[in-house]
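# Observations on the three-dimensional arrangement
If you want the building blocks of each chain, they are given just below.
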Amino acid sequence: MMFPWAFCLLGACTDDDSFSASPSHLLSFSTDSVAMDTVFSAVPTATKSFWVYNKSGAGIRCTNIRLEKGNQTGFRVNVDGSYLGAASGYQLNDLEIRDKDSVRVFVELTSPLNYQDKPTWMKDDLVFTLESGVQQRVNLNAFTWDAEMMTDLVVDHDMTLSGEKPIIIYGGITVKEGATLVIEAGTTLYFHADAGLDVYGRLIVSGDAWNNVVLRGDRIDHMFDYLPYDNVSGQWQGIHFYESSYENIINYADIHSASDAVVCDSSAVDKIKLSMYSSVIHNCKGAGLKSVHSVVDVQNCQLTNTLGDCVAIHGGVARLLQCTVAQFYPFDAERGVALRFSNYLKDHIYPLYDFKCYNTIVTGYADDVIMGEANEEAPYIFLFDHCLLRTPKIEDDERLKEVIWENPEDTIHGGVKHFAKIDTNNLVYDFRLDAASEAIGKADKENSLPYDRVGVIRDEEPDLGCYEYVNQ
């Protein structure tokens, strides 16, 4: 009487281990394509993955899984622990996927050089051939971009960097004393995580309103689907001007996602350290602009969203003219202030000989985003003239002229109301003025610049900040 039961059990095992050859039994995929975004040729990408499911009701055997173009595109694939490479002929045979089971596929790309100035479309198909003869495909694709690679670049004589192709910097750039590095309009430097720009000589960034120079990190993939690494702070080390460096010019630059974006070391104050015009410093894991006992002139610039202070002036001579300084750093509630100015730093006295702020917006999330710190033993000279300030009102007619005091009790909107878009959830920031901003038409005409940061002509009633309001 036990034989029928044994037969049934045997039959059940046979069914579990059987594989269908019916063309109606197909695999399912978590995606029909894997896009690697834009990648650099000859540089390995981050790994992406997808799932292969068997929801067909029967076991399925893949007699062959292969990259259709073999080794021609540079895609690398691992299927359920098996690597499709040269040794295997870029294929895998006889992979069995039981009913209601799944396997994970990992994809990477190191594309060959395409010898083009612009990104080139690269694609391949991962082909699953089932025992039924049916073929199913997942498309693999990317835009690949040839880049010039530089490692531990030392500039010991005058040099110019330019070109439409991206330039990837490993290890950093050092500009020696007596040498000048010029970066021409339209050039983009992609710095690896440990790389920065150390200037002992001179740096000239020669962007224009239509072709900014871009200094950024080299990760061009995504941390999450909604978050490109380019929107994550601390991707590279930033620019450091050392004591021996003077007469630096940064014109129409986009400097973002650095650690400390721009640092000026203590120097003699009888000549200028840095002139920065119509540029952006944004989304830094340290300071935006930090000047220690130096002479800096900053005009028409956006300095926004830093874990440290957006702008920190410790002594010396400094001017902010028609700038937007806004502190909406999203990653840490212990962020610094928008603007700090002092005549000391830690245990060192640095006289603040002259700090002037004209036609500038200084705002942010906090009730007070400005910190002035003074040591009575050293000069502490400052002036705010025609500025919008988010800080408690101070009565000082000599040093605070025509100031718009932002209501600190407005904690719901804060400084957000002044700008076109502050989207913390998606990390999208547009610091052009909103129609509701009090900054519109409030600049001093005598000190106003003729154009805004992006080349818009300022009208007869110019606005505070680096962007002139344009009615859309």
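Structure's up top.
Report on the accompanying structure. (Residues numbered from 1 in each chain as written. Predicted model: local features only at pLDDT ≥ 70, side-chain atom pairs only at ≥ 80, totals over all residues. Heavy atoms only, no water.)

### Observations regarding the overall build of the chain
Our working rule: What counts as a helix is a DSSP run of H or I of at least four residues, what counts as a strand is a run of E of at least two, and both are numbered from the N terminus. A simple rule labels every residue: compare its accessible area, found with a 1.4 Å probe on the protein chains alone, to the largest value its type can have, and call it buried under 20%, exposed over 50%, or partly exposed in between. Contacts are assigned to residue pairs with any non-hydrogen atoms lying within 4.5 Å of each other. The method behind every accessible area is Shrake-Rupley, applied with a 1.4 Å probe, and residues are considered shielded solely by the protein chains displayed. Only four residue types enter the charge count: Lys and Arg as positive, Asp and Glu as negative, with His and the chain ends excluded. Throughout, a charge is located at the NZ atom of Lys, the CZ atom of Arg, the CG atom of Asp or the CD atom of Glu.
Per the secondary structure count, the chain includes 1 helix and 43 strands. Seen through its C-alpha atoms, the chain measures out along the principal axes to roughly 105 × 55 × 45 Å. Expressed as a percentage of the 472 residues in the chain, the buried residues total 50%. For the chain, contacts bridging at least 24 residues in sequence account for 62% of all contacts bridging at least 6. Carbon and sulfur atoms make up 50% of the accessible area of the chain, which amounts to about 21700 Å² in all. The distance from the centre of the 37 positive side-chain charges to the centre of the 69 negative ones in the chain is 3 Å.

### Some remarks on the sheet that holds strand 7 (residues 82-84)
Definition in use: What makes two strands pair is DSSP finding at least two bridges between them.
A sheet is described by the order of its strands in space; here 5 strands give the open sequence 2-4-9-6-7, paired in antiparallel fashion. The strands lining the two open edges of the sheet, one partner per strand, are strand 2 (28-29) and strand 7. As paired elements, strand 2 and strand 4 (residues 48-53) share 2 bridges and run antiparallel to each other. Among the inter-strand pairings, Phe29 is bridged to a residue of strand 4, identified as Val52.

### Section: the pairing of strand 31 (residues 324-327)
Along strand 31, one buried face is formed by Thr324 and Ala326 and the opposite face, lined by Val325 and Gln327, is buried too. Of the strand pairs in this sheet, strand 29 (residues 302-306) and strand 31 are connected by 3 bridges, and their pairing is parallel. Across the sheet, Thr304 pairs through a bridge with Ala326, a residue of strand 31. In the sheet, strand 31 pairs with strand 36 (residues 361-364) via 4 bridges, with the strands oriented parallel. Of the residues in strand 36, the one forming a bridge with Ala326 is Thr363.

### Side note on the packing of aromatic side chains
This is how it is decided: What counts as a ring pair is set by centres within 6.5 Å for rings of Phe, Tyr and Trp (its six-membered ring), and what kind of pair is set by the plane angle: stacked under 30 degrees, edge-to-face over 60, tilted for all other angles.
Counted by the stated rule, this structure contains 20 aromatic pairs. Each ring, one from Phe191 and one from Trp236, has its centre 4.5 Å from the other, and the planes form 15 degrees; the classification is stacked. Note that Phe191 is positioned in strand 16 (residues 188-191) and Trp236 in the loop between strand 21 (227-228) and strand 22 (239-241), a separation of 45 residues in sequence. With a relative accessible area of 0%, Phe191 lands in the buried category. Their ring planes at 5 degrees and their centres at 6.1 Å tell us that Tyr429 and Phe431 sit as a pair that is stacked. Across the pair, Phe431 and Tyr429 agree in class, each one buried. Within the aromatic cluster, the residues linked to one another by ring pairs are Phe328, Tyr365, Phe419, Tyr429 and Phe431.

### Notes on the nonpolar core
Spelled out, the test is: Think of a nonpolar core as a cluster: buried Ala, Val, Leu, Ile, Met, Phe, Trp, Tyr and Cys residues, connected wherever their side-chain atoms sit within 4.5 Å.
Judged by nonpolar contacts, the single largest core of 62 residues is most densely connected at Ile173, Ile239, Phe355 and Phe384. Of all hydrophobic cores here, the second largest spans 29 residues; its members include Val39, Ile97, Val105 and Ala142.

### Observations concerning a nonpolar patch on the surface
This is how the line gets drawn: Patches draw on residues past 30% relative accessible area with no salt bridge. Two like charges within 9 Å are joined, as are two nonpolar side chains (Val, Leu, Ile, Met, Phe, Trp, Tyr) within 5 Å. Throughout this description, the term salt bridge denotes a Lys or Arg side-chain nitrogen within 4 Å of a carboxyl oxygen of Asp or Glu.
Taken together, the side chains of Met223, Phe224 and Tyr226 define a hydrophobic patch exposed on the protein surface, amounting to about 310 Å² of accessible area. A relative accessible area of 44% places Phe224 in the partly exposed class.

### Some points on the layout of surface pockets
Put simply, the test is: A pocket here means an open set of points on a 1 Å grid, computed over the protein atoms alone, that has protein on both sides within 12 Å along at least five of seven lines. A cavity is instead a set of points where a 1.4 Å probe fits but cannot get out; residues with an atom within 4 Å of a point line either one. Grid points are joined across faces, edges and corners, and a volume is the space filled by probe spheres set on the points. Polarity classes work like this: nonpolar for Ala, Val, Leu, Ile, Met, Phe, Trp, Tyr, Cys and Pro, charged for Asp, Glu, Lys and Arg, and polar for all others, with Gly in that last group.
Size it by volume and the largest pocket reaches roughly 490 Å³. Forming the boundary of the largest pocket are 22 residues, of which Ala46, Arg219, Ile220, Asp221 and His222 lie nearest the centre. Counted by class, the lining of the largest pocket contains 11 nonpolar, 5 polar and 6 charged residues. A volume near 370 Å³ is recorded for the second largest pocket. Along its surface, the second largest pocket is lined by 20 residues, and Asp254, Val280, His282, Gln302 and Tyr429 are the ones closest to its centre. Sorting elements by how many residues they give to the lining of the second largest pocket places strand 43 (residues 428-433) first, with 4 residues. Residues that form the lining of the second largest pocket fall into these classes: 8 nonpolar, 8 polar and 4 charged.

### Here's the deal with the pairing of strand 43
Only one face of strand 43 is buried, namely the one carrying Tyr429, Phe431 and Leu433, since none of Val428, Asp430 and Arg432 on the opposite face is buried. Taken together, the 4 bridges between strand 42 (residues 419-423) and strand 43 define a ladder with antiparallel strand orientation. When the sheet's bridge partners are listed, Asp423 is paired in strand 43 with Val428. Between strand 42 and strand 43, which follow one another and run antiparallel, lie 4 residues, and Leu427 among them has a positive phi close to 55 degrees.

### Here's the deal with the pattern of salt bridges
Evaluation of the coordinates by the stated rule reveals 21 salt bridges. For Glu96, the salt bridge goes to Arg61, with nearest N and O atoms at 3.0 Å. Separated by 35 residues along the polypeptide, Glu96 in strand 8 (residues 91-97) and Arg61 in strand 5 (residues 59-67) bring together distant segments of the chain. Asp297 is paired through a salt bridge with Arg319; the nearest N and O atoms lie 2.8 Å apart. Placement of Asp297 in strand 28 (residues 289-299) and of Arg319 in strand 30 (residues 311-321) is noted, with a sequence separation of 22 residues between them.

### Side note on the side chain of Arg216
Counted only if it meets this: Polar contacts, as used here, are pairs of N or O atoms within 3.5 Å; protein pairs need one atom able to donate a hydrogen and one able to accept it. Residues neighboring in sequence count only if both atoms are side-chain atoms.
Note that Arg216 resides in strand 19 (residues 213-217). Of note is the side chain of Arg216, whose polar atom sits 2.9 Å from the backbone oxygen of Arg219. Of note is the side chain of Arg216, whose polar atom sits 3.4 Å from the side chain of Asp230.

### Some points on the state of the cysteines
Operational definition: A pair of sulfur atoms, both from cysteines and within 2.5 Å, is called a disulfide here.
One pass over the structure, following the stated rule, counts 0 disulfides. The cysteine Cys387 is free of any disulfide, with Cys357 supplying the nearest cysteine sulfur at 3.9 Å. Using a relative accessible area of 0% as the deciding quantity, one classes Cys387 as buried.

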